[in-house]
Amino acid sequence: MKLCLTIGVSKTPRLSSLPGAITVAHEMGDWARKSGFKTEVITDENETPVTIVRIRETLLEMLPPNDQVDFFILHFAGHGFRSGAEQNVWLASDWFEEMRAISVEGLKRQLYRHGIKNMSIFSDACRSLPSDIEAADIFGDPVLPRGPYDAVPPIIDRFNAVADGQQAYMLKGDDTAPSRCIFSTVLLEGLYGLKEDAFDKYQTDWVIPESLELFSKKRLREIGETYDLKCSPECATGNPRDHVVYFKRGSNSNDQPSLKWPAPSSRNQVQDKAPEDLQPPHRDIKYSVSRRTFGDMWRHFDNPPTCNLVISGAVPKNIWSTSQIKKMASENDGGAYLVDCTPGGAVQILVEFDDTVFASAVVYKRLTTLISRDKSGDISWTCVSKFPAFEEIWGESFRAIENLQTGNLSADQVDDIATHIREFKHVNPTLGAIASYLYDYTGDMDSIRRMAFFYCYHGQPMPFDVAFMGLLSTKDIGQGRIVADVPSVPARPQSPANDKLPEWVTRGTMKSSGEVAGLWPWLRQGWQFMENPEPQEEVAAEELRDVANFLLPSQFSSFKEEGARILIHKFHLKGSI
């Protein structure tokens, strides 16, 4: 069974109109039907809004309750923005009123429960950061409820119009061609086999994910030159390379469309698909964390060598945890503290400020946690080692966090990040949390679990996000401690790319178990997965779904007072100041 859902949203509140989204949604639906897919097309034509409820109902009607799906294609054309590390949302017609948008990764993860063997996601939407506070506060909705099967990641192919942090484009129509979204149209040229460059160099009669990726990158460069645009897609294809075939030469060859492009006679024909109201020249939301900020914090409070928590940018009103906390030093804009990390080796804390903002962080026994609050109120945190050469290895940590906040962190960096955190014996677990989302982007569950194994191997509690994104079974052993079971994973297949990586990034690992650091997601983007947790995740996620309504728009988890009080009550946290 092959299924295709294509969605085109041309009108969304506060944003520019995209009539080309309707054009390409119908064209993608026509291709899918001709290729043997059971197909549904959802658009906002005839003043019928595209809502999350409408998408959910359509998907539930399409997905079989007692049968597996060989191939599922999900296509979207419309507005979108970046919500985290390789986490993006698509905007439905009612996104502004409902304060919810389609979580691409959340929906992908829910589809894991529907027996899908292969999945292609075609995303023709912007992936730039929101700058408007109301947009940044939008919550990602996973759309679907729990499915009938255990969660098993399919082989996933990702085709994005642009790299993370960038903007996509639509061309206005003219007398010879309708308005059309550029990336979707290029994909259609490849899917229909209209261009010889779309065919695989080995299976020369096939269009497969790898050949479609190479074609779309080359073709978009040509389109960019024609219309004076910078078009650079981001694609990630699964293995084996020919696990699906989009087009075979000779099939439907007599029923191929003529995809006409508007004439490139004027730059006025090019309409930026960026959410203009969300992307003013000077952003209102400031994402900033720097090596100097944290370095100054460390040196400023370095006199008390026994501290393992340093806070800068604001003086805490209270610090909540399950452990004892002792103040070691204080300044006008922060302080240094010693957190008792026995017996589990890591302790969840909530830092309360006078303006009722609560910052979340985890303190490790043999590391120092640095929490920074900048002038705009944005909160960041990281861990540093106490051994003498720690400053030499800060670079990668701060680059990753800076890229996380500025929208420049992509899945192709994840192996480098994983190498860094393991090479130095897990100096900075925050990188492990970030890496878990990057691996999840391509459905690489084995690599998340491989990371979890090494946390267990080194006797260091694994970040909550690693356990949760790795779909690990967990159990509560009391005193604010959670233990996760890590299944064995095979080694990565040999390939030129894999063979260049350190052995611990690619090797097979044994079954193990270990402590989880923290009681909830470290990054804000993890909360979207709390609404419908897997059975093995329910211990960790119980009652947490209610907290998501009180998240603040920061890359790291921080809360309004109502959400923090839920956590304080649930986990019996006590104030220390």
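As a reminder, the structure under discussion sits directly above these lines.
Residues numbered from 1 in each chain as written. Predicted model: local features only at pLDDT ≥ 70, side-chain atom pairs only at ≥ 80, totals over all residues. Heavy atoms only, no water.

Concerning the pattern of salt bridges
The cut-off we apply is this: A pair is scored as a salt bridge if a Lys or Arg side-chain nitrogen falls within 4 Å of a carboxyl oxygen belonging to Asp or Glu. Every helix listed is a DSSP run of H or I at least four residues long, and every strand listed is a run of E at least two residues long, numbered separately from the N terminus. Working definition: with a 1.4 Å probe on protein chains only, accessible area under 20% of the residue-type maximum means buried, over 50% means exposed, and in between means partly exposed.
Within this structure, the stated rule accounts for 24 salt bridges. The salt bridge involving glutamate 47 is made with lysine 11; its shortest N-O contact spans 3.7 Å. Residue glutamate 47 is located in the loop between β2 (38-43) and α2 (52-62), and its partner lysine 11 is located in the loop between β1 (2-8) and α1 (19-34); the two are separated by 36 residues in the primary sequence. For glutamate 47, a relative accessible area of 66% puts it in the exposed group. Of the charged contacts, one joins arginine 158 and glutamate 105 as a salt bridge, the two residues approaching to 2.7 Å between their closest N and O atoms. Of this pair, arginine 158 sits in strand β9 (residues 155-160) while glutamate 105 sits in helix α4 (residues 104-111), and the two are 53 residues apart along the sequence. Note on arginine 158: relative accessible area 2%, which makes it buried. One network of salt bridges, in which partners are shared, links Glu105, Lys108, Arg158 and Asp440.

Describing the state of the cysteines
Note the cut-off: Disulfide assignment relies on a single distance test, namely cysteine sulfur atoms paired within 2.5 Å.
Here the structure, examined in full by the defined rule, presents zero disulfides. Free cysteine: cysteine 383, not disulfide-bonded; nearest cysteine sulfur from cysteine 341 at 9.9 Å. Relative accessible area serves as the criterion here: at 3%, cysteine 383 is assigned to the buried category.

What about the sheet that holds β2?
To be explicit about the condition: DSSP-based pairing: two strands are paired if at least 2 bridges between them are found. A fitted line through C-alpha atoms represents every axis, and for helices the fit uses only the stretch in contact; the resulting angles, taken between N-to-C directions, go from 0 to 180 degrees. We call two residues contacting when some pair of their heavy atoms lies within 4.5 Å.
Sheet architecture is open: six strands sit in the order β2-β1-β3-β7-β9-β13, paired in mixed fashion. In this open sheet, the two strands that pair with only one neighbour each are β2 and β13 (234-236). Strand-to-strand twist of the sheet, defined as the mean angle between neighbouring strand axes without regard to direction, takes the value 10°. Bridge count between strand β3 (residues 71-77) and strand β7 (residues 118-124): six bridges; the pairing is parallel. Paired with alanine 77 across the bridge in β7 is aspartate 124. Of the strands in this sheet, β3, β7 and β9 are in contact with helix α6 (residues 182-191), which crosses β7 at around 140°.

Focus: helix α17 (residues 561-570)
In an α-helix, one turn spans 3.6 residues, which is why side chains three or four residues apart end up on the same side. All of the buried residues in α17 are Gly563, Ala564, Leu567, Ile568 and Lys570. Lining the buried residues of α17 we find β17 (318-321), β20 (346-352), β21 (358-364) and β28 (558-559). Following α17 by one or two positions, histidine 572 adopts a phi angle in the positive range, close to 55°.

Structural notes on the pairing of strand β18 (residues 325-331)
Where β18 meets strand β19 (residues 334-339), six bridges bridge the pair, whose relative direction is antiparallel. Its bridge partner being in β19, glutamate 331 is matched across the sheet by glycine 334. Here β18 folds back onto β19, and the loop between the two strands holds two residues.

Quick look at the sheet that holds β21
Strand order in the open sheet formed by five strands is β28-β21-β20-β17-β29, with antiparallel pairing between adjacent strands. The open sheet is flanked by β28 and β29 (574-575), the only strands paired with a single partner. Pairing geometry for β17 and β29, over two bridges, is antiparallel. Along β29, the bridge assignment pairs serine 321 with lysine 574.

Overview of helix α12 (residues 445-457)
Rules: In this analysis, the expected span of each helix is defined as 1.5 Å times one less than the number of residues it contains.
In this model, α12 (13 residues) spans 18 Å end to end at C-alpha, consistent with the 18 Å of a helix rising 1.5 Å per residue. Of all 13 residues making up α12, 11 are buried, and the element is well covered by its neighbours. Those residues of α12 lying buried are Met445, Ser447, Ile448, Arg449, Arg450, Met451, Ala452, Phe453, Phe454, Tyr455 and Cys456. Phi turns positive one or two residues past the end of α12, at glycine 459, with a value near 70°.

What to know about the environment of threonine 176
Mapped onto the elements, threonine 176 comes out in the loop between β10 (169-171) and β11 (180-181). Expressed as a C-alpha distance, the spacing of threonine 176 and tryptophan 261, which sit 85 residues apart in the sequence, is 7.8 Å. Discounting residues that sit within four places of it in the chain, threonine 176 has contacts with Lys260 and Trp261.

A closer look at the pairing of β21
Counting buried positions along β21 gives seven out of seven residues, so the element sits mostly inside the fold. Side chains Phe358, Ser360, Val362 and Tyr364 of β21 all project onto a buried face; the interleaved residues Ala359, Ala361 and Val363 project onto the opposite face, where all are buried too. For β20 and β21, the ladder comprises seven bridges, and the chain directions are antiparallel. Looking at β21, one finds that valine 351 is bridged to alanine 359. As paired strands, β21 and β28 are joined by two bridges and run antiparallel to one another. Bridge pairing in β28 places phenylalanine 358 opposite phenylalanine 559.

Comments concerning the packing of α1 against α6
Convention followed: By definition in this entry, angles of less than 35 degrees are roughly parallel, angles greater than 145 are roughly antiparallel, angles of 65 to 115 are roughly perpendicular, and the rest are oblique. It is the rotation of the near helix from the far one that decides the hand of a crossing: anticlockwise by less than a right angle makes it left-handed, clockwise makes it right-handed. When residues are grouped by polarity, Ala, Val, Leu, Ile, Met, Phe, Trp, Tyr, Cys and Pro land in nonpolar, Asp, Glu, Lys and Arg in charged, and all others, Gly among them, in polar.
Axis separation between α1 and α6 bottoms out at 10 Å; the angle between their running directions is 15°. In terms of their interaxial angle, α1 and α6 are classed as roughly parallel. Helix-helix and strand crossings are classified by hand; for α1 and α6 the assignment is left-handed. Of the residues in α6, those in contact with Val24, Glu27, Met28 and Trp31 of α1 are Ser184, Thr185, Leu188 and Leu191. Per-class residue counts for the contact of α1 with α6 are five nonpolar, two polar and one charged.

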